[in-house]
Amino acid sequence: MNQENNQVIETLKGITAYDFIANCMGINTNKSPDSVVYTAKQLQTIYPKLFSKYKLDQAIKNENLPYFKSGRERYFVKSEIETWIKNRNS
């Protein structure tokens with residue numbers, strides 16, 4: 001049993017949160033294994049001038065901010081957010 005646990009742990013070390021959640025939801029993704037994924041709160045902390053709770057909701061509704069949802073939590077892939085910000089500022 002201990003060896004099985006170690007195998008599971010080793011497998012999970014190479015999987016990002018995004019890939020794990022997407023796999024659980026049955027979403028096939030071609031993202032690189034080192035994709036960084038933010039929660040809504042993390043995004044607001046990293047970009048406080050760009051995203052308040054209200055502004056984040058508006059960006060999703062009106063400006064097609066890319067995200068995926070699992071349960072009640074929204075997740076944002078770092079590379080997609082950076083591309084969205086760059087395109088928005090162009």
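Look up a bit, the structure's there.
Residues numbered from 1 in each chain as written. Predicted model: local features only at pLDDT ≥ 70, side-chain atom pairs only at ≥ 80, totals over all residues. Heavy atoms only, no water.

**Student:** Describe the sheet that holds strand β2 (residues 68–70), with residues and values.
**Tutor:** Spatial ordering of the open sheet is given by β1-β3-β2, a layout of 3 strands whose pairing is antiparallel. Lying at the two open borders of the sheet, with one neighbouring strand each, are β1 (37–39) and β2. In this sheet, neighbouring strand axes are inclined to one another by 35 degrees on average, regardless of whether the strands run parallel or antiparallel. Examined bridge by bridge, β2 and strand β3 (residues 73–77) share 3 bridges and lie antiparallel to one another. The residue bridging Ser 70 from the neighbouring strand is Glu 73, located in β3. (Pairing = 2+ DSSP bridges. Helix = DSSP H or I, 4+ residues; strand = E, 2+ residues; numbered from the N terminus. Axes fitted to C-alpha atoms, helices over the stretch in contact; angles between N-to-C directions.)

**Student:** Account for the nonpolar core, with residues named and values stated.
**Tutor:** One finds Tyr 38, Ala 40, Leu 43, Phe 51, Leu 56, Ala 59, Ile 60, Leu 65, Phe 76, Ile 81, Trp 84 and Ile 85 forming the largest nonpolar core, which totals 12 residues. Going through the elements one at a time, α3 (40–46), α4 (53–62) and α5 (78–89) are the ones with two or more residues in this core. Setting aside residues up to four positions removed in sequence, Leu 56 forms contacts with Ala 40, Leu 43, Gln 44, Phe 51, Leu 65, Arg 74 and Phe 76. The next biggest cluster of nonpolar side chains, apart from the first, holds 6 residues, and it includes Tyr 18, Ile 21, Phe 68 and Val 77. (Core = buried A, V, L, I, M, F, W, Y, C linked by side-chain atoms within 4.5 Å. Buried < 20%, exposed > 50% of the residue type's maximum accessible area, 1.4 Å probe, protein only. Contact = heavy atoms within 4.5 Å.)

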